[in-house]
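Here is what each chain is made of, one letter per residue.
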Amino acid sequence: MIVVLRPNITKKEENAVLKEIRKLGYTPHTMRGVERTVIGAIGDELTHHTLEPLTAWPQVEQVMPVQKRYKLVSREAHTGNSVARVRGLSIGGKRVHVMAGPCSVEDEKQLMTTAHAVKKAGATILRGGAFKPRTSPYEFQGLGEKGLKLLAKARKETGLPIITELLSQDHAEMVAEYADILQIGTRNAQNFQLLIAAAKTGKPVLLKRGLSMKIEEWLLAGEYVLANENPNLMFCERGIRTFETYTRNTLDLSAVPIIKQESHCPIVIDPSQGAGRADLVQAMCKGAVAMGADALLIEVHPDPSKAWSDGAQQLTLESFGKLMTELKPFVAAAGREPAW
Ligand code: PEP
Ligand code: MN
């Protein structure tokens, strides 16, 4: 930590700060400039008490951290790329995976039709929401456990592992019984008790970025998963809220190289929530893959015009097939291999 003292303070006031720094387990090193005195407080910021309360002291101008606040998700903790293992698949390795399926599980026919079609096109994981976080309580809330049962049936028929959202701590055990990956949605990205509950199920966790979450906050949310002894964490960028209205959210593709620099965990891009428009999904997928995304999470529906949620952004079965073919050279250009 760096502690900047105010100018013109007394020696006694300075000594009081030095005493406090030592008391909190740091070794102070004083640097005297012409105008200001700065104290470098040496110690592990993650294991020592924070020096931040010193900002309330009248003789202190500023306290600045030097170390990153996250540890386990950080690149420093793990120099290679970590890989999330999902039923024999590796997310974060050489192969780029596509997770696809409807926004919500609606009924058996809708899910099975989509599951078979996305598998045929090359998806390796089936998505589908059984518990839906809806902005309005009057909108479709998902089929609940019935939806999970349908997802399990689709997995049995197609062999595709399934990813589905965990909305509440109360459902952690139940959802984990069916799902191969637990999705933590944007609205719950800083619901720390939910993150702990998800981590403790031992299932891989895909953590969406919160709607207005800084990357540091997202990394710290991910830290909760790793700190609770679950190494299978994936970050998923799904667009953040900005002033732009041409898209539902602003898909922040700069998150891909930033997460790659800061963390060893895989990064997944969700262009469907990201753009909110089916016509943009293809371009965003190409961009994501070119930038180094490890996987894509794409919404696909047999008839988006009749979807019970997110109709405007879901691809038809046909356009998904076309996308998968067109994506291949982009995956190869990024030095990776398509998993399809
Ligand atoms: C979804 O994947 O359908 C979803 C609700 O995602 P998000 O939490 O990113 O809005
Ligand atoms: Mn959706």
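Note that the structure is predicted; figures quoted are calculated from it, not measured.

About the cut-offs
Residues numbered from 1 in each chain as written. Chains lettered and ligands numbered in written order. Predicted model: local features only at pLDDT ≥ 70, side-chain atom pairs only at ≥ 80, totals over all residues. Heavy atoms only, no water. Phe/Tyr/Trp six-rings, centres within 6.5 Å; stacked < 30°, edge-to-face > 60°. Helix = DSSP H or I, 4+ residues; strand = E, 2+ residues; numbered from the N terminus. Buried < 20%, exposed > 50% of the residue type's maximum accessible area, 1.4 Å probe, protein only. Near = heavy atom within 4 Å. Polar contact = N/O pair within 3.5 Å; in protein donor to acceptor, adjacent residues only side chain to side chain. Nonpolar A, V, L, I, M, F, W, Y, C, P; charged D, E, K, R; others polar. Salt bridge = Lys/Arg side-chain N within 4 Å of Asp/Glu carboxyl O. Pairing = 2+ DSSP bridges. Axes fitted to C-alpha atoms, helices over the stretch in contact; angles between N-to-C directions. Contact = heavy atoms within 4.5 Å. 1 Å grid on protein atoms, 1.4 Å probe; cavity = no way out; pocket = protein on both sides within 12 Å on 5 of 7 lines; lining within 4 Å. Points joined across faces, edges and corners; volume = space filled by probe spheres on them. Core = buried A, V, L, I, M, F, W, Y, C linked by side-chain atoms within 4.5 Å.

K.L.:
For this particular structure, what's the right way to read the packing of aromatic side chains?
P.N.:
The relative placement of two aromatic rings is captured by the distance of their centres and the angle of their planes. If you walk through the whole model with that rule in mind, you get three aromatic pairs. Here Phe140 and Trp308 contribute two aromatic rings whose centre-to-centre distance is 4.9 Å and whose plane-to-plane angle is 90°, an arrangement assigned as edge-to-face. Taken as a pair, Phe140 in the loop between β8 (125-127) and α3 (145-158) and Trp308 in the loop between β14 (295-299) and α10 (317-333) lie far apart in primary sequence, 168 residues in all. When the ring of Phe192 is compared with that of Tyr224, the centres are 4.5 Å apart and the planes differ by 15°; the resulting orientation is stacked. Of this pair, Phe192 sits in helix α5 (residues 192-200) while Tyr224 is found in helix α6 (residues 215-227), placing the two residues 32 residues apart along the sequence. Using a relative accessible area of 29% as the deciding quantity, one classes Phe192 as partly exposed.

K.L.:
Please clarify how the site of ligand 1 should be interpreted in this entry.
P.N.:
Around ligand 1, the surrounding shell holds 13 residues, and the nearest of these are Arg127, Lys132, Thr186, Lys208 and Arg238. Interatomic distance of 3.1 Å between a side-chain N/O atom of Arg187 and an oxygen atom of ligand 1. Measuring from an oxygen atom of ligand 1, one finds a side-chain N or O atom of Gln273 at 3.2 Å. Of the residues assigned to the shell around ligand 1, the class counts are two nonpolar, four polar and seven charged.

K.L.:
Before we go on, may I ask you to explain the pattern of salt bridges in this structure?
P.N.:
Should the charged atoms of two oppositely charged side chains come close, the side chains can pair. Applying the stated rule across the entire model yields 23 salt bridges. Asp180 serves as the salt-bridge partner of Arg155, at 2.9 Å between the closest nitrogen and oxygen. Here Asp180 lies in the loop between α4 (172-178) and β10 (181-184) and Arg155 lies in helix α3, a separation of 25 residues in the sequence. Overall, the relative accessible area of 14% leaves Arg155 in the buried class. For Asp180, a relative accessible area of 6% corresponds to the buried category. With its nearest N and O atoms 2.9 Å apart, the salt bridge here joins Arg209 to Asp252. Taken together, the residues span a long stretch of sequence, with Arg209 in the loop between β11 (205-208) and α6 and Asp252 in the loop between β12 (233-237) and α7 (255-262) at a distance of 43 residues. On the basis of relative accessibility, which here comes to 5%, the residue Arg209 falls in the buried class.

K.L.:
Where do I start with the sheet that holds strand β2 (residues 27-32) in this structure?
P.N.:
Within a sheet, neighbouring strands are paired by backbone hydrogen bonds and run either parallel or antiparallel to one another. Taken in spatial order, the four strands make up an open sheet running β2-β3-β1-β4, and their pairing is antiparallel. Each of the sheet's edge strands pairs with one partner strand only, and the pair in question is β2 and β4 (60-64). The average angle at which neighbouring strand axes cross in this sheet is 20°, direction not considered. Where strand β1 (residues 2-5) meets strand β3 (residues 37-42), three bridges bridge the pair, whose relative direction is antiparallel.

K.L.:
How do you make sense of the side chain of Gln183 when you look at a structure like this?
P.N.:
Within the fold, Gln183 resides in strand β10. Accessibility expressed as a relative area gives 5% for Gln183, which makes it buried. Beyond its immediate chain neighbours, meaning those up to four positions away, Gln183 contacts Arg127, Ile163, Thr164, Glu165, Leu166, Leu206, Lys208 and Leu297.

K.L.:
Help me out: how do you make sense of the layout of surface pockets in this one?
P.N.:
Empty space among the atoms can be located by rolling a probe the size of a water molecule over them. In this model, the largest pocket occupies a volume close to 360 Å³. Taken together, 22 residues make up the lining of the largest pocket; nearest its centre are Pro133, Arg187, Arg248, Gln273 and Asp310. Here the residues of the lining of the largest pocket sort into three nonpolar, seven polar and 12 charged. Estimates place the volume of the second largest pocket at around 210 Å³. Around the second largest pocket sit Met1, Glu45, Leu46, His48, Thr50, Pro65, Gln67, Lys68 and Arg69, which together line it. Its residues placed into classes, the lining of the second largest pocket shows three nonpolar, three polar and three charged.

K.L.:
Quick question: what am I supposed to make of the nonpolar core here?
P.N.:
When a protein is soluble and globular, its nonpolar side chains tend to lie buried together. Phe235, Ile298 and Phe320 are the most contacted members of the largest nonpolar core, which totals 70 residues. When sequence neighbours within four positions are dropped, the list of residues in contact with Phe235 reads Val73, Leu207, Trp218, Leu219, Gly222, Ile259, Ser263, Cys265, Pro266, Ile267 and Val268.

K.L.:
Looking at this model, I keep getting lost on the side chain of Arg336. Mind explaining?
P.N.:
Within the secondary structure layout, Arg336 lies in the loop between α10 and β15 (337-338). Engagement of the side chain of Arg336 in a polar contact is seen with the backbone oxygen of Lys94, the distance being 3.1 Å. Not counting chain neighbours up to four residues away, the residues in contact with Arg336 comprise Gly92, Gly93, Lys94, Arg95, Val96, Gly292, Ala293, Asp294 and Val331.

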